[in-house]
Amino acid sequence: MAAAGVALVVLGALPSAAEAGFRLRVGGPVSVARFAMAGMLSVAGLRHARMAAHHSHVRMAALGPQDLRPAAESIRPTERAQLTAVAALAGWHGGRAAQGWWQHSDGSYGWVGPLFWPFAYSDLYDYALLNDGSGFWAYGYGDLYAAIFSPYAASDLSAFAAERPAGRRHRKAPSVQELCGGDTAETTGLPLERIGRVVAANEAPRAAFDELASAWISAGDTIRASCPAQAATTAPERFAAMQSRVNAMLSAVAAIQPPFQKFYDLLSDEQKARLNTPERDRRANSAAAKLKEMQDAACQASREPQDEQQAEKQYRQLVAQQWPLDDIAASLKLTDTQRAALEVVQDTTMGTMEALNACPPKDALTPPARLNAIKARLEAMREAIMSVNDAVDDFRWNLSDEQKTQFEGLGPKKRGV
């Protein structure tokens, strides 16, 4: 797509009518570019380290339910990232594409067919208890962008149905139910096993541990219940699916936090130290260490001052690449009013880059603190979803049915945004 002549609307200079629907505010293109470009510094390296860490563990051939449970039980986010990659691409273009444009920087995918955040439960567990936020903190702007320009055509989504047509095209894609069923407390038991090693059965915290165990199981059930019953085929339906998923995760966190804090307060200092320093950190292999090193470097770069002229240039390049408004307007035959509404969608979505930057807080050093960070992040995600959804609704309001159909077809055609 050509990128010349892309109209940029600085967030601080939006028309008053557009401002009325805005909830997110950022510091303009310089601020957005700082976070966006820093987050991209290590994309290639992160993918390489991620793939190297699990290349020998996950098959790239047929993917079925039996492949999902071992990956969940192994407590390895690298393997789960690869599973989402295999599953996400199995239905996309008939499984013929090697890499999709909506891929996370760690090699995973936030959208697998109609399912948003496929390993939501495991990502919460990994960050809260194991201090591994590579999966959880990867969610943000790119997933909102993918909700606007869905990568999947209707024929692609059929590959993820519970009952799929027989044939080579649909052979590798797991159903949504299979993905959701492999990511619950009931099937994995991961948090209970991890926490149980900290306390002995005859110690005072045992009763509190049993209460916490019940909460973890309930949290898994809550998240599993948010799996979509049918595929979303329009942007508003995809945003509704995102909202439902994030709300379920927030409900799960709300159920876990009180019993976790109660249990944590009963632990001795030595027990807290064992829980605060996960075994994974102590036995990290070189690939995982390299991955964390690159993630930390990218986060550090996002906090450093940046030349405003260079940042403005990077911002314009990023917008031209991902939001070729001239081409979209010409393809859909947009009026000036319709194009202005699309520009608001662009700026609202770009604004989420800073609001949802992929850097966890430095001071979240304990599981209760990380649960607080999870809650804050999910609340920011929910706010971002609402803001972008409102902008998309306003844009779609003035489109004809033909234009809406054409707009929905833009995403599946993308190959390398």
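Residues numbered from 1 in each chain as written. Predicted model: local features only at pLDDT ≥ 70, side-chain atom pairs only at ≥ 80, totals over all residues. Heavy atoms only, no water.

Let's shift gears to the overall build of the protein chain. Of the regular secondary structure elements, the protein chain holds 22 helices and two strands. A total of 417 residues make up the protein chain; the buried ones form 53% of that total. Across the protein chain, the fraction of contacts at a sequence separation of at least 24, relative to all contacts at a separation of at least 6, is 80%. In the form shown here, the protein chain has an accessible surface area of approximately 17800 Å², with 52% of it arising from carbon and sulfur atoms. (Helix = DSSP H or I, 4+ residues; strand = E, 2+ residues; numbered from the N terminus. Buried < 20%, exposed > 50% of the residue type's maximum accessible area, 1.4 Å probe, protein only. Contact = heavy atoms within 4.5 Å. Areas by Shrake-Rupley, 256 points an atom, 1.4 Å probe, with all protein chains shown as cover.)

A few words now on the packing of aromatic side chains. Overall, the coordinates contain 22 aromatic pairs when judged by the stated rule. Judged by centre distance (5.7 Å) and plane angle (85°), the rings of Tyr127 and Trp137 are edge-to-face. Of this pair, Tyr127 sits in helix H6 (residues 120-130) while Trp137 sits in the loop between H6 and helix H7 (141-148), and the two are 10 residues apart along the sequence. When its relative accessible area of 7% is taken as the criterion, Trp137 is described as buried. Taken together, a centroid distance of 5.4 Å and an interplanar angle of 80° make the contact between Phe136 and Trp137 edge-to-face. Taking relative accessible area as the criterion, Phe136 reaches 0% and is therefore assigned buried. (Phe/Tyr/Trp six-rings, centres within 6.5 Å; stacked < 30°, edge-to-face > 60°.)

Note on placement: Asp123 falls in helix H6. Separated by 12 residues in sequence, Asp123 and Gly135 place their C-alpha atoms 5.7 Å apart. When near neighbours in sequence (up to four residues on either side) are disregarded, Asp123 contacts Arg80, Trp117, Gly135, Phe136 and Tyr139.

So, on to empty space enclosed by the protein. All chains considered together, the criterion is met by three cavities of 30 Å³ or more. Put simply, the second largest cavity is a space of about 50 Å³. Around the second largest cavity, the lining residues are Trp111, Gly113, Pro114, Ala146, Ser150, Pro151, Tyr152, Leu157, Ala232 and Arg238. Here the lining of the second largest cavity is composed, by residue class, of seven nonpolar, two polar and one charged. (1 Å grid on protein atoms, 1.4 Å probe; cavity = no way out; pocket = protein on both sides within 12 Å on 5 of 7 lines; lining within 4 Å. Points joined across faces, edges and corners; volume = space filled by probe spheres on them. Nonpolar A, V, L, I, M, F, W, Y, C, P; charged D, E, K, R; others polar.)

Of note, Thr84 is situated in helix H5 (residues 77-90). Judged by relative accessible area, which is 4%, Thr84 ranks as buried. Of the polar contacts made by the side chain of Thr84, one reaches the backbone oxygen of Ala81; its length is 2.7 Å. Among the polar contacts made by the side chain of Thr84, one reaches the main-chain amide nitrogen of Tyr109 at a distance of 3.1 Å. Thr84 has contacts with Ser108, Tyr109, Val112, Pro118 and Phe119, leaving out every residue within four places of it along the chain. (Polar contact = N/O pair within 3.5 Å; in protein donor to acceptor, adjacent residues only side chain to side chain.)

Closest axis-to-axis distance for the helix H19 (residues 336-355)/helix H20 (residues 367-397) pair is 8 Å, and the angle between their directions is 170°. What the angle tells us is that H19 and H20 run roughly antiparallel. Across from Gln338, Ala341, Leu342, Val344, Val345, Thr348, Thr349, Thr352 and Ala355 in H19, the residues of H20 making contact are Arg377, Ala380, Ala384, Ser387, Val388, Ala391, Val392 and Phe395. Across the contact of H19 with H20, the residue classes tally to 11 nonpolar, five polar and one charged. (Axes fitted to C-alpha atoms, helices over the stretch in contact; angles between N-to-C directions. Parallel < 35°, antiparallel > 145°, perpendicular 65-115°, else oblique.)

Turning to helix H13 (residues 235-265), a few remarks are in order. Over its 31 residues, H13 runs 44 Å from end to end, which matches the ideal 45 Å to within 8%, given 1.5 Å per residue. A bend of about 30° at Gln257 is the largest found in H13, and the proline Pro258 appears one to four places after it. (Expected span 1.5 Å × (residues − 1). Bend = angle between axes of the 7 residues up to and from the residue.)

Turning next to the confidence of the model for the protein chain. Mean pLDDT over the protein chain: 75, with 67% of residues reaching 70 or higher. Here residues 68-75 is modelled with pLDDT under 50, and outside its nearest four sequence neighbours on either side it reaches 21 contacts, counting other chains as well. (pLDDT = per-residue confidence, 0-100.)

Okay, the packing of H7 against H13 next. Remark: H7 packs on H13, axes separated minimally by 8 Å, with the N-to-C direction vectors making an angle of 145°. In contact with Asp143, Leu144, Ala146, Ala147 and Ile148 of H7, H13 contributes Ala235, Arg238, Phe239 and Met242.

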